[in-house]
Amino acid sequence: MTAASQASEVLKQYLVPGTDGEGDSLLVPEGKYKGWVPRSLYEMQLASLSLPFLRLLSFPVGGTSFGQLISMQRFNGVGNYLSRLPNSFCTCQNLVQLNLSYNYFTTIPSPIFRLTRLVELDFNENDIDEISFDIGKLELLRVLNLSGNLLHDLPVELADCKHLERLDLSRKWYPKGGFTVLPEAVCKLRELSYLDVSWHQIHTIPDQVSEMSQLQTLKMKGNFLKHISKNIIDCKQLKYLDVTGAMKLNSFIPAEIFLLSNLQILDLTNNYFTEISSDVIGLTNLKKFIMRRNALLRLPKELFTLKYLEYLDLSESYLDEIPSSVSDLKMLKGLYLCHNKIQRLPVEICNCENLLELQLHKNELEYLPDELYKLRKLEELTLDNNKLKRLPLMLDKLLRLQETGRLSLKNNPLTVPPQTICEQGINSLYEYLKELRICEAKHRRKMILIGASQAGKTSLRNALILGRSKLTAEHERTWVMERHLWEPEPDLRIQILDFGGHHIYSAAHHMFLTPEALHLVVFDVSRYCPNLYDDLVGNWIEAITDRAPGASIMLVCTHSDLVSREEIEVKIQDILDKMHTEEKSKLGGLKTELQRLESELQSAAVRESGEKFSDVAVERMRDKANYLRRILSTRVTLPSMIYVVSCAEELTGVHDLQSSLFSILHNSEERPLPQSWYKFLTVLQKQKARILSWSQTLAIFERTMKNMKQSLYMLQGSPEKSMAMVLKYLHVTGEILWYQDNPELSQIVFHRPETLVEMLRTIFRHDYDEVIKYQDNYGQLAGLTRHKFETQKEEFLHHGLMTQEMLHYTLLFCDLSIDAREMFIDLMLKFDLCYEVAPSVSSPALLGASRILQFPWFLTADPPADISLKWPNDVPPENIMICFQLQFSRKEPPNFFEKVSARLQSFISSREDWKDGVLASKNKSKLLLERENSNGVASVTLSVRGSELPELWFLVRKCRKEMFILLKEWPFVRFDSYIICSHCLLSKREKPHMWSGEVVDITCPRNVFWIKCPNSPDQFIPACFVYPLDDEFLDDLGEHIKAVQEFLHGVYDTVDGTGNMLSDLGLAYVASRLGADWNLVALNLNLTQAEIERIQMDNPTQTLNQIRKALTTWFSRSYSMDDYAKVLQLMNAIEAANRNDLVFELKERFHIED
């Protein structure tokens, strides 16, 4: 193969086939082809030919014929050694694009002027000093690039290129030559949109400039402009004007420039201007203003009225201050102020929330505004070579700056943080600032946003924290609660708790409401109407006043942009009237009751109760009076105004709310964090465990104090009490969660409060059905097939039953670690949010589950269909019924009933639940817990039935105790407790007598077996129906049982007989009368000595229980005997024990014939 053939083959590898009917293209990449161009090139039929940087001296190579190349449309010969073209070049009549830049032409070759279809012509970076008048023949020309040449004049015929749109005539920089006036031919190009005449010696822009009506870009760098025609105002389309270094002979910026109202970019770099005229206000659409390397001394306020300005470059001047009005530049993205003499930045600059780049290096800055953290979009901040000694403590809030890493702090005399920290990089710097801020904050407060669903709480939180509108989409709604840290100022640290408003989330609210917090009750004013007062406002205020006595409350109405001002005023007045009227009524009732109690206590003679307990009654009244005084002294002061805001774009009213919040928070007690406490907190927060036990926390506390050389006893006298003081402080400020007053939870420290939040959010969500869907990978890990998942999910949603496997799946689905499962169950149980139940045949879908938890909040409203059979309206004969009732002045504390029902599980054996009731049993006793709200009175009633009197009182007292423990969570909720008269209940009186519930605290006095029913003066009832029996004194139990039997006999008008004696109550009477002779009776009833001894061991010191156990054991074995035979056997056994007196008594008592 010849050398020519080889070169041809090499060249063909750059051949690109044509598309859409176009010819092929030969595009030789720059520097890829070495050698001479073969003649075979002219045999190719090409649409495009690119031969850059091939050192071509002439074209065509080796001849004058172009062959097939005459059909080409685009030719690129850039970067060769061409200085001329053959005449035959004019045969390429299809050329529309010709690029001969970076060659050695001194003039445009004449053949080119015959290429009449030419649209783009590029001769930049040659040595052309003049242009032939034939240029006017290229009438279709749209782009002409003659930059980097030595032009000194233009032919007028250039104006004949009427379609020219882009013209670049910028000259090589040369001290002499070039245009002195903007050429007349250029001014006549009416379609011209881009013009570059840089590096000439133009001193005048003539009046004819007005003819360039389509001009958009005008570049005139390095000229000597002195005069600009006022007609430039007619260039309505001009958007970019670059006069860099072109007006050094001017002492001020020509006023004509400020007439260009549509100008978007103005570059005045490298001139000697000392000021900017107030006429700059005329540049109403300016987006980018560049004035680097001037001699500016001051800035006019009018500059900051340019509302569309996005970039402002004033670097390398003599500015020593920036006006506060810089905050008016709301769209500013880049501010470049390096190489000036600025000593301080105005705090208002922090309101330029769209700022992306801020260059301040090489100034004389001594400090930065603390509010700099508000520039949350900032991606570059240069602070090198200033006089900074301290950085803003909240600089770490600039997260995007951390992502880009474009923060420079070199050559500053920094002490806070130390320069060595800064040199370690932005991550180390940010960590240091976070820890320093925690330590130095003086004001620490918890702020709670609470209110109905979709009230706008989360949007308000966003507006406060972000300083801008960020409305909440449906999928972004808060579920249960979200916790956010807000640090509006370096010494102000606010933990914001944003509560979800759905009713199911209220189960968790009481865990976080505290007197020390600032509570914002938020409601949607556009939804408000008088009949929704309780739902939107009243219930939430009451929850705070009951749960957090003495708390600060603010009312905030949102969505004000959707309602007229007049309508808002009417609604606000209605809310304030209702709120204060209710409060006045409550206070009046409290004061009246207190006055009544004080009057009775001051009375010389205590009123006789008729029950021989006057001294106890007085003590109870004194306790109640103290309780009421405490309520009145710590009553919440309700707000007298309502803040009106809109979280839409304008943030109407948000600034006023924010100012009020700052004032309240700053005026609150300072809560600095001692260094040793701060160290303890940081060590806690670094623990990997999700929660810590009391002992684990104490060990950390003791170790930290020892390392800090602090006394372990501090102010409280012991390490335990000292740590309790610190934990309480940290809980109040919202840094941790510690429930000091809860016996179960006081042994747990939530050093990561988000753990508790995550736990609650897993289960208590209004959209559980929609969100938690089956995924096979999670199902396999949790041991659930799709069918099991669906059935167990259904059980949870309709009956509140959650299996351990379903919980496992839910934790996986919500991205919580599986190691949290056991902790989750334990905490749910301790918070009384659920209780564990055994598998039941009534729920076959749950059979085989490892564990089953019952969540009362998810129960259905309807009681069991057979409730009337299991708990008939009429009390069965031989059954005792005791009723205890709590009545609340307005409404039951939120979730109180559900928590009581959860606590029942610890002392009952079986149960059935529905939304407002629980039917349970323990041994032979039954229990019914019911919730009711009628005639404005909310009540929770506990009824117990059975024959075992001690067991019935155990259930009443135990349940009452649990109720009162729970009510401590609402220390100032008003309620009364009662024992409902059994006689009135059995007689079905409409208004039964209500004995004060305080009688439950008093054991039945000895030798008192009957008391009068106040509703029936002639009717006596057993004292043991009102007062609990003394567990330690049961000698007179027989008399009490005798009184019970006589009472029931009178109520039911029954005839005693053998069956009556063999009832539970009858056997209880026998047991109470046997006494120490029971062993002989038991032996006579065929119980073995071993059985008797086992009964004694199982019931030590409880003789009555021993006897009853022996009798029930005998009775259960005698199932084959009829009642008469059983009675005869029992009587014979008693007689054989020499208790003829008891035989006679039983015959008479139960009417047993010989």
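Residues numbered from 1 in each chain as written. Predicted model: local features only at pLDDT ≥ 70, side-chain atom pairs only at ≥ 80, totals over all residues. Heavy atoms only, no water.

As recorded in an unreviewed UniProt entry, the chain goes by Malignant fibrous histiocytoma-amplified sequence 1 homolog and comes from Potamilus streckersoni.

(A) How the structure looks around the overall build of the chain. If you tally the helices and strands in the chain, you get 32 helices and 40 strands. Relative to a compact globule of 1154 residues, whose C-alpha radius of gyration would be 32 Å, the chain shows 47 Å and is clearly more extended. C-alpha atoms of the chain, sized along the principal axes, occupy 155 × 80 × 60 Å. Buried positions account for 53% of the 1154 residues belonging to the chain. (Helix = DSSP H or I, 4+ residues; strand = E, 2+ residues; numbered from the N terminus. Rg over C-alpha atoms; globule rule 2.2 N^0.38 Å. Buried < 20%, exposed > 50% of the residue type's maximum accessible area, 1.4 Å probe, protein only.)

(B) Focus on unusual backbone geometry. Of note, the amide linkage connecting Val416 to Pro417 takes the cis form, showing an omega dihedral of -5°. By the element assignment, Pro417 lies in the loop between β20 (406–408) and α4 (419–422). Unusually for a residue other than glycine, Arg293 sits at a positive phi of about 50°. Take Arg293: it is sitting in the loop between β15 (288–290) and β16 (311–313). Since its relative accessible area comes to 34%, Arg293 is described here as partly exposed. At Glu316, a residue that is not glycine, the phi angle is positive and equals roughly 60°. Following the sequence through the fold, Glu316 ends up in the loop between β16 and β17 (334–336).

(C) Spotlight on helix α8 (residues 533–547). Helix length check: α8 (15 residues) gives 20 Å between terminal C-alpha atoms against 21 Å at 1.5 Å per residue, within 8%. At Asn539, α8 shows its maximal bend, which comes to roughly 30°. For α8, the buried fraction is high: 12 of the 15 residues fall into the buried class. Among the residues of α8, Tyr533, Leu536, Val537, Gly538, Trp540, Ile541, Glu542, Ala543, Ile544, Thr545, Asp546 and Arg547 are the ones counted as buried. (Expected span 1.5 Å × (residues − 1). Bend = angle between axes of the 7 residues up to and from the residue.)

(D) Structural view of the sheet that holds strand β32 (residues 880–888). Taken together, seven strands build an open sheet; the order of strands is β33-β34-β35-β36-β32-β37-β38 and the sheet is antiparallel. Strand pairing shows two members of the sheet lacking a second neighbour, β33 (910–914) and β38 (994–996), which therefore form its edges. Each neighbouring strand pair of the sheet contributes to a mean axis angle of 20°, computed without reference to strand direction. Of the strands in this sheet, β32, β34 (917–922), β35 (925–934), β36 (937–946) and β37 (975–980) touch helix α23 (residues 949–967), which is tilted by about 10° from β32. (Pairing = 2+ DSSP bridges. Axes fitted to C-alpha atoms, helices over the stretch in contact; angles between N-to-C directions. Contact = heavy atoms within 4.5 Å.)

(E) Structural context of the packing of aromatic side chains. Applying the stated rule across the entire model yields 17 aromatic pairs. Between Phe105 and Phe123 the ring centres are 5.2 Å apart and the planes differ by 80°, which places this aromatic pair in the edge-to-face class. Of the two residues, Phe105 sits in the loop between β5 (97–99) and β6 (120–122) while Phe123 sits in the loop between β6 and β7 (143–145), which places them 18 residues apart along the sequence. When sorted by exposure, Phe105 lands in the same class as Phe123, which is buried. Where Tyr774 meets Phe789, the ring centres are 5.3 Å apart and the plane angle is 55°; that geometry is what we call tilted. With Tyr774 in the loop between α16 (768–771) and α17 (776–782) and Phe789 in helix α18 (residues 786–799), the pair connects residues that are 15 residues apart, well separated along the chain. For the pair formed by Tyr774 and Phe789, the shared burial category is buried. A network of ring pairs unites the aromatic residues Tyr774, Tyr778, Phe789 and Tyr809 as a single cluster. Over the face of the ring belonging to Tyr194 we find Arg166, whose NZ or CZ atom lies 3.8 Å from the ring centre. Above the face of the Phe1115 ring, Lys1126 is positioned so that its terminal group lies 4.4 Å from the ring centre. (Phe/Tyr/Trp six-rings, centres within 6.5 Å; stacked < 30°, edge-to-face > 60°. Lys NZ or Arg CZ within 6 Å of the ring centre and 35° of its normal.)

(F) Inspection of the pattern of salt bridges at higher detail. The full count for this structure, using the stated rule, is 30 salt bridges. Between Lys188 and Glu184 there is a salt bridge, with the nearest N and O atoms lying 3.9 Å from each other. Through salt bridges that share partners, Glu892, Glu898, Asp916 and Arg931 make up one connected network. (Salt bridge = Lys/Arg side-chain N within 4 Å of Asp/Glu carboxyl O.)

(G) Structural detail: the pairing of strand β40 (residues 1016–1022). Alignment of strand β39 (residues 1010–1013) against β40, held across four bridges, turns out to be antiparallel. Bridge assignment links Ile1011 to a residue of β40, and that residue is Ile1021.

(H) Representation of the sheet that holds strand β29 (residues 801–803). Strand order in the open sheet formed by three strands is β29-β31-β30, with antiparallel pairing between adjacent strands. Looking at which strands have only one partner, the edges of the open sheet turn out to be β29 and β30 (835–837). Each adjacent strand pair in this sheet contributes to an overall mean axis angle of 40°, direction not counted. As defined by bridge partners, β29 adjoins strand β31 (residues 852–854) across three bridges and the pair is classed as antiparallel. Bridge pairing in β31 links Leu801 to Gln854.

(I) Layout of the confidence of the model for the chain. Scored by pLDDT, the chain comes out at a mean of 84, with 90% of its residues at no less than 70. Contacts for the low-pLDDT stretch residues 604–614, under 50 throughout, to residues beyond four places or in other chains number 12 contacts. Every residue in residues 1054–1059 is under pLDDT 50, and counting partners more than four places away or in other chains gives 10 contacts. (pLDDT = per-residue confidence, 0-100.)

(J) Quick peek at the nonpolar core. Counting 133 residues, the largest nonpolar core has Leu41 and Phe59 as its most contacted members. Listing elements by their share of this core, those giving two or more residues are β3 (46–50), α2 (184–187) and α5 (426–440). Here this core gets five residues from one element, more than from any other, and that element is α5. Dropping the residues within four chain positions of it, Leu41 is found in contact with Leu11, Leu26, Leu46, Leu49, Leu51, Phe59 and Leu69. Residues Phe897, Leu928, Val973 and Ile1152 belong to the second largest nonpolar core, which totals 95 residues. (Core = buried A, V, L, I, M, F, W, Y, C linked by side-chain atoms within 4.5 Å.)

(K) A look at the pairing of β36. With nine of 10 residues buried, β36 lies mostly within the body of the structure. Bridge count between β32 and β36: nine bridges; the pairing is antiparallel. What sits directly across from Ile880, in β36, is Gly946. Joining the antiparallel neighbours β35 and β36 is a turn of two residues, in which Asn935 adopts a positive phi near 55°.

(L) A look at a nonpolar patch on the surface. On the surface, Leu57, Tyr81 and Tyr104 cluster together into a nonpolar patch covering about 340 Å² of accessible area. As for its position among the elements, Tyr81 is in the loop between β4 (74–76) and β5. (Patch = residues over 30% accessible without salt bridge, like charges linked within 9 Å, V, L, I, M, F, W, Y side chains within 5 Å. Areas by Shrake-Rupley, 256 points an atom, 1.4 Å probe, with all protein chains shown as cover.)

(M) Structural view of α23. When the terminal C-alpha atoms of α23 are compared, their 27 Å separation across 19 residues agrees well with the 27 Å that a helix rising 1.5 Å per residue should span. Taken together, the buried residues of α23 touch β32, α22 (896–904), β34, β35, β36 and β37.

(N) Focus on the UniProt feature "domain: Death" (unreviewed entry) in the chain. Using the residue numbers shown here, the UniProt feature "domain: Death" (unreviewed entry) corresponds to residues 1063–1150. Summarising residues 1063–1150: 77% helix, 0% strand, and an end-to-end C-alpha distance of 11 Å. (UniProt positions renumbered as here; feature names shortened; annotations may be inferred.)

(O) Quick look at the packing of helix α6 (residues 457–466) against helix α11 (residues 654–667). The contact between α6 and α11 brings their axes to 11 Å, and the two run at 75°. By the criterion of interaxial angle, the relationship of α6 to α11 is roughly perpendicular. Here α6 contributes Leu460, Ala463 and Leu464 to the contact with α11, which in turn contributes Val654, Leu657, Gln658 and Leu661. In terms of residue class, the contact of α6 with α11 is made up of six nonpolar, one polar and no charged. (Parallel < 35°, antiparallel > 145°, perpendicular 65-115°, else oblique. Nonpolar A, V, L, I, M, F, W, Y, C, P; charged D, E, K, R; others polar.)

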